[in-house]
Structure formats: structure tokens, C-alpha cells
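# Survey of secondary and tertiary structure
Letter by letter, the chains look like this.
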Amino acid sequence: MTSDSSIDALDARLIALLGDEPRIGVLECSRRLGVARGTVQARMDKLAARGVIRGYGPEVDPAALGYPVMAFVTLELRQAVGHDSVARNLARVPEVLEAHTVTGTGDMLCRIVARTNAGLQGVIDRVLACEGVLRASTVIALAEQIPHRTLPLVADAAGLKRR
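Here the structure is a predicted model, which is why all the values come from computation and not from measurement.

### Looking at the overall build of the protein
Helix and strand counts for the protein stand at 6 helices and 4 strands. For the protein, the N- to C-terminal ordering of α and β elements is α-α-α-β-α-β-β-α-β-α. Dimensions of the protein along its principal axes, counting C-alpha atoms only, are 55 × 35 × 25 Å. Within the span of the protein, comprising 163 residues, buried residues form 32% of the whole.

### Thoughts on helix 3 (residues 37-49)
Here helix 3 contains 13 residues, and its C-alpha end-to-end distance of 18 Å stays within 8% of the 18 Å for a straight helix at 1.5 Å per residue. Listed in full, the buried residues belonging to helix 3 are V40, R43, M44 and L47. Along the axis of helix 3, the buried residues cluster in a sector spanning 100°; they form a single face. In the segment just after helix 3, G51 is the residue with positive phi, at about 85°.

### Brief notes about the pairing of strand 2 (residues 96-101)
Along a regular strand, successive side chains alternate from one face of the sheet to the other. Sheet topology places strand 2 next to strand 3 (residues 108-114); 5 bridges connect them, and they run antiparallel. Following the sheet pairing, T101 is matched in strand 3 by M108. Between the end of strand 2 and the start of strand 3, which pair antiparallel, lie 6 residues, with G104 showing a positive phi angle near 110°.

### Here we look at the pattern of salt bridges
Counted according to the given criterion, the structure contains 8 salt bridges. Of the charged contacts, one joins E21 and R32 as a salt bridge, the two residues approaching to 2.4 Å between their closest N and O atoms. With E21 in the loop between helix 1 (9-20) and helix 2 (26-33) and R32 in helix 2, the pair connects residues that are 11 residues apart, well separated along the chain. The class for R32 is partly exposed, based on a relative accessible area of 38%. Here R111 ties to E98 by a salt bridge, and the two come within 2.7 Å at their closest N and O atoms. Of the two residues, R111 is situated in strand 3 and E98 in strand 2; the sequence distance between them amounts to 13 residues. For R111, a relative accessible area of 24% corresponds to the partly exposed category. Looking at E98, the relative accessible area reads 30%, which means it is partly exposed. Several salt bridges converge on common partners, so that one network encompasses E21, E28, R31 and R32.

### Quick word on the sheet that holds strand 4 (residues 133-141)
Taken in spatial order, the 4 strands line up as 2-3-1-4 in an open sheet, and their pairing is antiparallel. Each edge of the open sheet is held by one strand with a lone partner, namely strand 2 and strand 4. Sheet twist, expressed as the mean angle between neighbouring strand axes with direction ignored, is 20°. With respect to the sheet, helix 4 (residues 83-90) is in contact with strand 1 (69-77), strand 2, strand 3 and strand 4, its orientation differing from that of strand 3 by roughly 5°. Docked against the sheet, helix 5 (residues 117-128) engages strand 1, strand 2, strand 3 and strand 4, running at close to 155° with respect to strand 4.

### Side note on the nonpolar core
Among the nonpolar cores identified, the biggest contains 20 residues, and L75, L90 and I112 are the most heavily contacted of them. When residues of this core are traced back to their parent elements, those giving at least two are strand 1, helix 4, strand 3 and helix 5. Ranked by residue count, the leading element in this core is strand 1, at 5 residues. Among the nonpolar cores identified, the runner-up in size contains 19 residues, and L10, I15, I24 and C29 belong to it.

Conventions we followed
Residues numbered from 1 in each chain as written. Predicted model: local features only at pLDDT ≥ 70, side-chain atom pairs only at ≥ 80, totals over all residues. Heavy atoms only, no water. Helix = DSSP H or I, 4+ residues; strand = E, 2+ residues; numbered from the N terminus. Buried < 20%, exposed > 50% of the residue type's maximum accessible area, 1.4 Å probe, protein only. Expected span 1.5 Å × (residues − 1). Arc of directions from axis to C-beta. Pairing = 2+ DSSP bridges. Salt bridge = Lys/Arg side-chain N within 4 Å of Asp/Glu carboxyl O. Axes fitted to C-alpha atoms, helices over the stretch in contact; angles between N-to-C directions. Contact = heavy atoms within 4.5 Å. Core = buried A, V, L, I, M, F, W, Y, C linked by side-chain atoms within 4.5 Å.

Structure, rendered in C-alpha cells:
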């Protein structure tokens, strides 16, 4: 590896393998990649320590849990309260899956889910009740065209072409 922010072809192949088969063991990874088990473990440890790999947990589909309605909510915040305080309050709302500080007309962008459209209104009401949130603008997602993905970035960062 050339720097803390770069990955090489072996890292990329390892990440792709773990992405395709998250339950695969280190020994099977080493067999498929043609490298020693210790090499795989060391690479995984380094990638995790650098924050490249953030977890090995299952990917959960909110719709399969009974939350098929997804929306993106742009929040306008009262500047005196601050983003961190609002984020802590939003973290208490289970239907808020993500929150990002953004530039533009709003201050924070959230991805939220709900069981129904009426339930979405309830979630939005709870978000608006968070101290520091002044206004919300909501866009309901109709269909997922490209699911959350990172493997094309991994391949590009390693200078590889993804299949």
C-alpha cells in the first residue's frame, strides 16, 4: 500500500469477496485469494483500523421489517442550537436511518422510513419536535434504482475495473 488513503489490488479483491459473501471466513478468503491466512487477517485488520471497512454486520432491508415507505427530509435548523445537538435528538427516532450536515438551502439531510404514508407524517412530526429543527421539506422515494454500493469505488481506488 502506498499511503493511508490508498488500497491495492489485493485489498480490493478482499473487500469485493467480503461484499459478495459477508459470512465467508478468513481461511476461505485466503484460499480463494491465493494468499496466506495471516495476510488476509492482517489486511482485514489494517482496513478496519483505517476505517475503510466499517463493519461486518448484516445488511437489513427496512421494507422487509415492515417499513416500506422511504423519504428524504431536508431540515432547516435554528443555528443557535447547532447540528450536533439536533443529531443527538434525531438519533432517538428509530425511523431516522441517516442524517448528514449539508450545504445548500437546508442544513441537514435525513433518510427516514415508515410503515405507511400516515406513519411517515408521524415520523416527520417527531423530527420536527426535536429541539433546533425549524422546518422540514420531504421527498418520498418511489423506487430504488441503484442500491447503496461501494464496491465500484473500491475497484476505482485500487485502479481496477469492476466486472
